[in-house]
Amino acid sequence: MRRFKKILIANRGEIAMRIIRTCKEMDIKTVAVYSQADKDSLHVRFADEAVCIGPPASADSYLKISNIIAAAEITNSDAIHPGYGFLSENAEFSEICKSNDIKFIGASSQMIGKMGDKATAVATMKKAGVPTIPGSDGILHSIEEAKRVALNIGFPVILKATAGGGGKGMRICWNEIELKRGWESSKQESLKAFGNDQIYLEKFIQDPRHIEIQVFGDCKGRVCHLSERDCSIQRRHQKLLEETPSPFMTSRLRKKMGEVAIKAAEYINYEGAGTVEFLVDKKKNFYFMEMNTRIQVEHPITEQVVSRDLVREQIEIAQGARISGKNYFPKLHAIECRINAEDPLHDFRPSPGAIETLHFPGGHGVRIDTHIYSGYIIPPYYDSMIAKVITTSETRNGAILKMKRALDEFIIEGIKTTIPFHRQLMDNPKFVAGNYTTKFMDSFRVDPLNQ
Ligand code: MV4
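Residues numbered from 1 in each chain as written. Predicted model: local features only at pLDDT ≥ 70, side-chain atom pairs only at ≥ 80, totals over all residues. Heavy atoms only, no water.

Quick look at the pairing of strand β13 (residues 286–292) now. The buried fraction of β13 is high, at seven of seven residues. Sheet analysis places strand β12 (residues 272–280) next to β13, joined by six bridges and oriented antiparallel. Its bridge partner lying in β13, T275 is registered against N292. The turn linking β12 back onto β13 is made up of five residues, and K284 within it adopts a positive phi angle of 70°. (Buried < 20%, exposed > 50% of the residue type's maximum accessible area, 1.4 Å probe, protein only. Helix = DSSP H or I, 4+ residues; strand = E, 2+ residues; numbered from the N terminus. Pairing = 2+ DSSP bridges.)

Given below as structure tokens:
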């Protein structure tokens, strides 16, 4: 088994900090890369070395493959950890790392290609015997074919971009007229967003839950799962809160979904950290939706309930370690609230700027993953997430009580944040009862009086 001496972190913000922390604990040197807008960022300060890779725009810095490879070469880095977003699921980048003899701590280019194309991913999973949503056999070639499939499976149906994710190019169609209109607009939007207008069709599952299973595979094709995360609380396809275990889960369903997630990953010989996303309907039927081939924003809640460091697992697997093959089940309850620099009273519009006053919550069962500090200026160029508050307790109610307490202690002055939204969420009867689906945010109104 090889051991990395130095890892370059091709990311910024809290995840760059998160990766540096584990590297330090593993006695691995770190290289930060940063854009001109991030010169005063904490990841630059805490890494052993730092290399400026370009101007503020992501396309010219954190997405600029040639600059990142050059930074890895000049610092003599053995490996690159891409974090999430940016180049984490870029097949070309994974391939270029490989051809430059730099270990990419993520999926191979082939794997990213297979899972990144959603229609191919669904077709592959269907072949593997994983339950998929009834729909077209891959890409649709004509509106006539779309009609035929829709009439066969019955309305409502949903059109999806194969290059998609994040809801772009998605159209829900309740009848033939909407399907005709949806066909045109879905293709148009997909082409604009992804440079690819290929679309496929599925039965539309009404009011589902989004439940995902964390998996790890090793180089010998062995896969284990680390149970689920419930990510149903989203707004415009942005997750706001995640929790584990899911309030909707039973030990029977967890075992079934865990086994299916393992089957999915084993079928494609998956190596590294992955997440198998499912839609779960009211009757607890579950269907494969997508597979993410990266570490995810919400990974800490899993860490809290199974007592494993997932970034360490990623690095060890990349170094050639084998996994034991045993699965992990939640022993505690954890909730993560994403704190964004956004104004929840004005349609969650971005609120970049200077942090004037800052006080972090702490105490038993409270974890903060962040890169912000007092005086830090949040740049307008990147994602608006500035912190994650993760509370852990023996029970769900205990984790909610801790979250309320932590949010009350959290002081951020100078910018607007989503903290007031989360405080209201913690008092919402449906949330408290665990009675929510992906439609929850459609009817949630932030109360301006109750902050
Ligand atoms: C669906 C669906 C219902 N039925 N597919 C949203 C983003 C993209 N990754 C897939 N999405 C959905 N696919 C079928 N066949 C509902 C959604 C969906 C959704 C899924 C997860 C979390 C939040 C969501 C919000 C709206 C729609």
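In contact at an axis separation of 9 Å, helix α1 (residues 13–25) and helix α11 (residues 310–318) are set at 65° when each is read in the N-to-C sense. Considering how the two elements wind past one another, α1 and α11 form a crossing that is right-handed. Residues R18, I19, T22, C23 and E25 of α1 lie in contact with α11, whose contacting residues are L310, V311, R312 and I315. (Axes fitted to C-alpha atoms, helices over the stretch in contact; angles between N-to-C directions. Left-handed = near helix turned anticlockwise from the far one by under 90°. Contact = heavy atoms within 4.5 Å.)

Reading across the sheet, the eight strands line up as β13-β12-β9-β10-β11-β14-β21-β19 and stay open at both edges, with antiparallel pairing between neighbours. Two strands bound the open sheet, and with one partner strand each, they are β13 and β19 (366–370). Averaged over all pairs of adjacent strands, the angle between strand axes in this sheet comes to 25°, irrespective of strand direction. In terms of strand pairing, strand β11 (residues 238–244) meets strand β14 (residues 333–340) through four bridges, oriented antiparallel. Its bridge partner being in β14, E243 is matched across the sheet by I335. This element, helix α10 (residues 299–306), spans β10 (223–235), β11, β14, β19 and β21 (385–393) of the sheet and lies at about 155° to β14. Contacts from α11 reach β9 (209–217), β10 and β12, with the element oriented near 40° to β9.

The quantities given are spatial measurements derived from coordinates; they are silent on function.
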